[in-house]
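What follows is the residue order along each chain.
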Amino acid sequence: MENCPYCRKTNDFEFKIFSRIFHRCRECDLIHKSSQENYHEVLTTYSRGSYFNIYSCDQTDKKRDKLYDHILNSIEENKGTGSLLDVGTGCGFFLGAAKKRGWSVKGIEPSKQSAEVACRQNNLDVFCGTLQDYHGDDQFDVITFINVLDHSAEPWKEIELANNLLKPDGILYLRFPNGFLHTHLFQLASKFGLTYRIQKFLVFHQFSFTPKFIKRLLSDAGYSDIIILNSPPSEGDPHNLFPAPALAQYVKRAIYWTARAIQILTSGRVLLGTSLEVMAIKN
Ligand SMILES: [Zn+2]
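Residues numbered from 1 in each chain as written. Predicted model: local features only at pLDDT ≥ 70, side-chain atom pairs only at ≥ 80, totals over all residues. Heavy atoms only, no water.

(A) A look at the sheet that holds strand β9 (residues 207-208). Strand order in the open sheet formed by four strands is β1-β2-β3-β9, and the pairing between neighbours is antiparallel. With partners counted over all chains shown, the strands left at the sheet margins are β1 (12-17) and β9, one partner each. Note that strand β2 (residues 20-25) and strand β3 (residues 31-33) share three bridges and pair antiparallel. Each residue of the ladder has a partner; that of F22, found in β3, is K33. Its contacts with the sheet put helix α6 (residues 179-191) on β1, β2, β3 and β9, and the angle it makes with β1 is roughly 65°. (Pairing = 2+ DSSP bridges. Helix = DSSP H or I, 4+ residues; strand = E, 2+ residues; numbered from the N terminus. Contact = heavy atoms within 4.5 Å. Axes fitted to C-alpha atoms, helices over the stretch in contact; angles between N-to-C directions.)

(B) Just the coordination of the zinc ion, in detail. Those donors, C4 (SG), C7 (SG), C25 (SG) and C28 (SG), are the protein atoms that reach the zinc ion, and they lie 2.3 Å from it. Geometry at the zinc ion is tetrahedral, judged from its four donor atoms and the angles of 100 to 121° they form at the metal. Binding-site remark: the zinc ion is held by donors from one chain whose sequence spacing is C-x2-C-x17-C-x2-C. Placement of C7 in the segment before β1 and of C25 in strand β2 is noted, with a sequence separation of 18 residues between them. Like C25, C7 is buried. (Donors = N, O, S within 2.8 Å, 3.2 Å for Na, K, Ca; no water. Tetrahedral: all angles 85-135°; square planar, octahedral: opposite > 155°, others 65-115°. Buried < 20%, exposed > 50% of the residue type's maximum accessible area, 1.4 Å probe, protein only.)

(C) Spotlight on the environment of Q249. Here Q249 lies in helix α9 (residues 245-265). The sequence separation of Q249 and P233 amounts to 16 residues, and the corresponding C-alpha distance is 8.9 Å.

(D) Broad picture of the sheet that holds strand β8 (residues 166-177). What the seven strands build is an open sheet, ordered β6-β5-β4-β7-β8-β11-β10; its pairing is mixed. The sheet is open, and its two edges are formed by β6 (126-128) and β10 (223-230), each paired on a single side. Each adjacent strand pair in this sheet contributes to an overall mean axis angle of 15°, direction not counted. By the bridge criterion, four bridges tie strand β4 (residues 83-87) to strand β7 (residues 140-146) in an arrangement that is parallel. Paired with D86 across the strands is T144, a residue of β7.

(E) Inspection of the nonpolar core at higher detail. I143, F145, L174, I214 and L218 are the most contacted members of the largest nonpolar core, which totals 37 residues. Contributions of two or more residues to this core are made by β4, β7, α5 (155-165), β8, α8 (211-220), β10 and β11 (275-282). With near-sequence residues (within four places) excluded, I214 lies in contact with L174, F176, F209, I228 and V278. Counting 23 residues, the second-largest nonpolar core is a separate cluster that includes Y68, F93, F94 and A98. (Core = buried A, V, L, I, M, F, W, Y, C linked by side-chain atoms within 4.5 Å.)

Below, the structure is given as structure tokens:
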């Protein structure tokens, strides 16, 4: 039994995913790695360049272009264009797409190599460091965290820091793996002894977010109009999970459209996509 790092309640339960111990808080529904694993170590590994080595292909092979268009379309439907801060910019391809559409953009990226690619190749204004290191007094219409927040040591602090940089009525956009789906798939597979078959498809980082936890986190931080939806998948198969890229595309799209149908039939109460996206308005 451990204290939940967010709500501090001790009312959690423990489960093992392969060799890693996770806890799920019964109060706020946060799923988090056991504190026996060092948060700081994980973050320094990322900023020292392992992140670039592991994920640079994913960022540079244009497999996310359609996803970035979808994100920008969704934001622009609500807000038009304006100023945008992207936290965890990577090599800057999302920001580059935003800039082409007329957004005034800024990035924050802890990996030196990724920040250099973003500045040099994509001609972007990127601060190399974390959100905690950034002390600019500028304010933004939109702040995005695309597949970033679940890697963070303290996501609630990142949200608090972002809050200070977001204009009133500004939009916060988040994308992350669906903790509800991945946890339940793992538990279901465990019951039937099939975890070895699905383990490569499951995603668990430092934290795993469910819709319930995200609603609680953003409500506590003073956000309203919190909309949580299934997110479209990225294109292709950057981590070679399938025997052929075309098969990956077919399976990912089939899962997404099935999840969308369930989302519509249940008025958004059941979200079974592999990733979720969230938009919320700052009060
Ligand atoms: Zn909790």
